[in-house]
Amino acid sequence: MNAVRPYTAAFVSRFLQMLQYRTAALAGFGTQCWWGGIKVMVLAAFYGSGTAGGSAMPLAHAVTYTWIAQGLLALLPWAGDPEVAQAVRTGAVAYDRVRPVDAYTLWFARTTGWIAARVLPRVALMIAFAAVVLPLSGLGHWGWQPPTSVAAGAAALVSAGLALLLSASLVMGLNIATAALLNERGINALAVPLVIVLSGNLLPLALLPEGWQTALLLQPLAGLLDIPVRLYLGQFQGPAVWSVLALQALWIAVLAGIGRAAMGRAMQRLDVQGG
């Protein structure tokens, strides 16, 4: 327990620190509602045109997928941890090299707390709006529908927890690249379009060409959003549920292993600013 305590403390302190930014959470929620409404209208027009004939995802599922995607927007790893970027710029990253703890695990714990604290308030507000307010307003068919079953909801919750760890693993890659390059702007600019498209945030991956579906499911970014939401919608059944959960866990292990090795090399070659 003593070995785990420093990392638990790092997670809790970062989580509580980020929860203080309530105005940012409210502003993000308002923006996500606005864009969510636009995306729902675009999907309605797409399905209404008849272009979506034979689609693997009905409109009601696509609408729910959109609201969940908006609620989980802060989960997506399209930027590195700003605390790490600042430490690299100022030279404070040197402190993490001399602490009597594993630097990778420490950064991972901080990053996970940073992501979780940004996601939870926004997804709670999005549930209140899209799953409660819209149905009470008579707009339930444009709202966030309940899971197809209790089992589907439970599987989606487990998958969401794995998605948090997967996101942290990917953000760690951006953090390490920032430490190696001494600047986060370039790597963040490259990450944004890839994450938005391949996670399913821009468009549900099931609506992309059928021939791409296997590759889209197997790539790591699908585990951030597409897999949890499709589990919620009951699109994976039986053994397929365990397969996609195992796929998420596999990518977490692979990315963490690669990240740990890359961080070791980056720290060995790191030149502290000003020295």
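Each chain carries its own residue numbering, running from 1 in the written order of its sequence. Totals for whole chains, interfaces and linings use all residues, but because this is a predicted model, local features are given only for residues with pLDDT of at least 70 and pairs of side-chain atoms are given and counted only at 80 or more. Values shown for side chains rest on all heavy atoms present in the structure; no hydrogens or waters enter the calculation.

**Student:** Give me the overall build of the protein chain: which residues, what numbers.
**Tutor:** Secondary structure elements follow DSSP: runs of H or I of four or more residues count as helices, runs of E of two or more count as strands, with numbering from the N terminus. Along the protein chain, the regular secondary structure elements total 11 helices and zero strands. Only the C-alpha atoms count toward the radius of gyration. The rule for a globule is 2.2 Å times the residue count to the power 0.38. Scaling as 2.2 N^0.38, a compact globule of 275 residues should have a C-alpha radius of gyration of about 19 Å, and the protein chain matches this with 20 Å. If one aligns the C-alpha atoms of the protein chain with their principal axes, the spans along those axes are about 65 × 40 × 40 Å. Put simply, 80% of the contacts in the protein chain that link residues at least 6 apart link residues at least 24 apart. Accessible areas in this description were obtained via Shrake-Rupley with a 1.4 Å probe; residue shielding takes into account the shown protein chains only. Summed over its atoms, the accessible surface of the protein chain is roughly 13500 Å², and 70% of this surface lies on carbon and sulfur atoms. In this description, contact between two residues means that some pair of their heavy atoms is separated by no more than 4.5 Å.

**Student:** Requested: an account of the confidence of the model for the protein chain, with residues and values cited.
**Tutor:** Put simply, the protein chain has an average pLDDT of 89, and 96% of its residues get 70 or more. At the low end of the mean pLDDT range in the protein chain sits helix 5 (residues 93-98), at 75; at the high end sits helix 10 (residues 226-232), at 97. Per residue, pLDDT measures the predictor's confidence, with a range of 0 to 100.

**Student:** Lay out helix 3 (residues 59-71) with the relevant residues and their values.
**Tutor:** Helices are assigned an expected span. That span is 1.5 Å times one less than the residue count. Taking 1.5 Å as the rise per residue, helix 3 with 13 residues should run 18 Å; its terminal C-alpha atoms sit 18 Å apart, in good agreement. Here the term buried applies to any residue with accessible area under 20% of the maximum for its type, exposed to any over 50%, and partly exposed to those in between, with areas from a 1.4 Å probe on protein chains only. Within helix 3, 10 of the 13 residues are buried, which leaves it mostly tucked inside the rest of the structure. Every buried residue belonging to helix 3 is among Ala62, Val63, Thr64, Tyr65, Thr66, Trp67, Ile68, Ala69, Gln70 and Gly71, and all of these are buried. Of the surrounding secondary structure, the elements contacted by the buried residues of helix 3 are helix 2 (22-48), helix 6 (103-136) and helix 10.

**Student:** Tell me about the environment of Trp35, residues and numbers included.
**Tutor:** Relative to the assigned elements, Trp35 resides in helix 2. For the pair Trp35 and Trp67, spaced 32 residues apart in the sequence, the C-alpha separation amounts to 9.7 Å.

**Student:** Hey, could you go over the side chain of Arg230 for me, with residue numbers and the actual values?
**Tutor:** Note that Arg230 resides in helix 10. Given a relative accessible area of 12%, Arg230 falls into the buried group. Whenever a nitrogen or oxygen atom comes within 3.5 Å of another N or O atom, the pair is scored as a polar contact, on the condition that within protein one atom can donate a hydrogen and the other can accept it, and that pairs from neighbouring residues in sequence are kept only if both atoms are in side chains. At a separation of 2.9 Å, a polar atom in the side chain of Arg230 contacts the side chain of Asp226.

**Student:** Residues and numbers for the pattern of salt bridges, please.
**Tutor:** What counts as a salt bridge is simple: a side-chain nitrogen of Lys or Arg found within 4 Å of a carboxyl oxygen of Asp or Glu. Evaluation of the coordinates by the stated rule reveals four salt bridges. In this structure, the salt-bridge partner of Arg14 is Glu83, at a minimum N-O distance of 3.6 Å. Here the residue Arg14 occupies a position in helix 1 (residues 5-19), and Glu83 occupies one in helix 4 (residues 82-90), the gap between them amounting to 69 residues. Here Glu83 falls in the partly exposed class, since its relative accessible area comes to 29%. Taking the shortest distance from any N to any O, the salt bridge between Arg230 and Asp226 comes out at 2.9 Å.

**Student:** How would you explain the packing of aromatic side chains if you had to name every residue and give the values?
**Tutor:** Between the rings of Phe, Tyr and Trp (Trp by its six-membered ring), a pair exists once the centres lie within 6.5 Å; its type follows the angle of the planes, with under 30 degrees stacked, over 60 edge-to-face, and the other angles tilted. Per the stated rule, a full pass over the model turns up five aromatic pairs. Pairing Phe11 with Phe15 gives two aromatic rings, centres 6.0 Å apart and planes at 15°, and the pair type is stacked. With Phe11 and Phe15 both in helix 1 and four residues apart, this pair spans about one turn of that helix. Judged by its relative accessible area of 28%, Phe11 is partly exposed. Assessed through its relative accessible area of 18%, Phe15 is described here as buried. Charge over a ring is defined by NZ of Lys or CZ of Arg lying within 6 Å of the ring centre and within 35 degrees of the ring normal. Stacked on the ring of Trp114, the Lys or Arg Arg118 has its end atom at 4.5 Å from the ring centre.

**Student:** Give a detailed account of the packing of helix 6 against helix 7 (residues 150-181), specifying residues and quantitative values.
**Tutor:** The description of two helices packed together rests on the angle between their axes and the distance between the axes. For helices, the fitted axis covers only the stretch in contact; all axes are lines through C-alpha atoms, and the angles between them, taken along N-to-C directions, range from 0 to 180 degrees. Running from N to C, helix 6 and helix 7 point in directions that differ by 120°, and their axes come no closer than 9 Å. The angle between helix 6 and helix 7 places the two elements in the oblique class. Between helix 6 and helix 7 lies a crossing of right-handed hand. In this structure, helix 6 uses Tyr104, Trp107, Phe108, Thr111, Thr112, Trp114, Ile115 and Ala116 to contact helix 7, whose residues at the interface are Leu164, Leu165, Ser167, Ala168, Ser169, Val171, Met172, Asn175, Ile176 and Ala179. When residues are grouped by polarity, Ala, Val, Leu, Ile, Met, Phe, Trp, Tyr, Cys and Pro land in nonpolar, Asp, Glu, Lys and Arg in charged, and all others, Gly among them, in polar. Split by residue class, the contact of helix 6 with helix 7 holds 13 nonpolar, five polar and no charged. Working definition: roughly parallel below 35 degrees, roughly antiparallel above 145 degrees, roughly perpendicular at 65 to 115 degrees, and oblique for all remaining angles. Each crossing gets its handedness from the near helix: less than a right angle anticlockwise from the far helix is left-handed, clockwise is right-handed.

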